[in-house]
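This is what each chain is made of:
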Amino acid sequence: MNYLAERDQYNTEILTRDEYRKFGLYMTEHYPTVGHVVEKLDDTFMVRLDDTSLTFWEEILTAIRD
């Protein structure tokens, strides 16, 4: 796997509608300057963060999935 594909894989998560709503609130409060791209799938959202680390996604997912 090349670097760009691997980076995209690690910077991307599929979120439910509720998780995406919580994600928006969390990012606005904690990381308003971190960019992200959202693609609406059927009933879910594919969210790709701009250059970030895995631990950052883990922090976000822990906050929005609890």
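Residues numbered from 1 in each chain as written. Predicted model: local features only at pLDDT ≥ 70, side-chain atom pairs only at ≥ 80, totals over all residues. Heavy atoms only, no water.

**A few points about the side chain of threonine 12**
Within the secondary structure layout, threonine 12 lies in strand 1 (residues 12-16). Judged by relative accessible area, threonine 12 falls into the buried class, the value being 15%. Among the polar contacts made by the side chain of threonine 12, one reaches the side chain of arginine 48 at a distance of 3.3 Å. Excluding residues within four positions of it along the chain, threonine 12 makes contact with Met46, Val47, Arg48 and Trp57. (Helix = DSSP H or I, 4+ residues; strand = E, 2+ residues; numbered from the N terminus. Buried < 20%, exposed > 50% of the residue type's maximum accessible area, 1.4 Å probe, protein only. Polar contact = N/O pair within 3.5 Å; in protein donor to acceptor, adjacent residues only side chain to side chain. Contact = heavy atoms within 4.5 Å.)

**Structural notes on the nonpolar core**
In this structure, Leu15, Phe23, Tyr26, Met27, Phe45, Val47, Leu49, Phe56, Trp57, Ile60, Leu61 and Ile64 together form the largest nonpolar core, which totals 12 residues. Sorting the residues of this core by element identifies helix 2 (17-30), strand 3 (44-49) and helix 3 (54-65) as the ones contributing at least two each. In terms of residues, this core owes the most to one element, helix 3, which gives 5 residues. Isoleucine 64 has contacts with Leu15, Glu19, Lys22, Phe23 and Tyr26, leaving out every residue within four places of it along the chain. (Core = buried A, V, L, I, M, F, W, Y, C linked by side-chain atoms within 4.5 Å.)

**A short note on the pattern of salt bridges**
Scanning the entire structure with this criterion turns up 3 salt bridges. We note a salt bridge from lysine 22 to aspartate 18, for which the minimum N-O separation is 3.3 Å. Of the two residues, lysine 22 and aspartate 18 both sit in helix 2, 4 residues apart, roughly one turn of that helix. Three or more residues are tied together by salt bridges with common partners; here these are Asp18, Arg21 and Lys22. (Salt bridge = Lys/Arg side-chain N within 4 Å of Asp/Glu carboxyl O.)

**What about the sheet that holds strand 3?**
In sheet architecture, strand pairing relies on hydrogen bonds along the backbone and comes in two forms, parallel and antiparallel. One open sheet holds the 3 strands; their spatial order is 1-3-2, and the pairing between them is antiparallel. Both edges of this open sheet fall to strand 1 and strand 2 (36-40), since each of them pairs with a single strand only. Averaged over all pairs of adjacent strands, the angle between their axes in this sheet comes to 25°, without regard to strand direction. By the bridge criterion, 5 bridges tie strand 2 to strand 3 in an arrangement that is antiparallel. Within the sheet, the bridge partner assigned to histidine 36 lies in strand 3 and is leucine 49. Those strands touched by helix 2 are strand 1, strand 2 and strand 3, and its axis lies near 115° from that of strand 1. (Pairing = 2+ DSSP bridges. Axes fitted to C-alpha atoms, helices over the stretch in contact; angles between N-to-C directions.)

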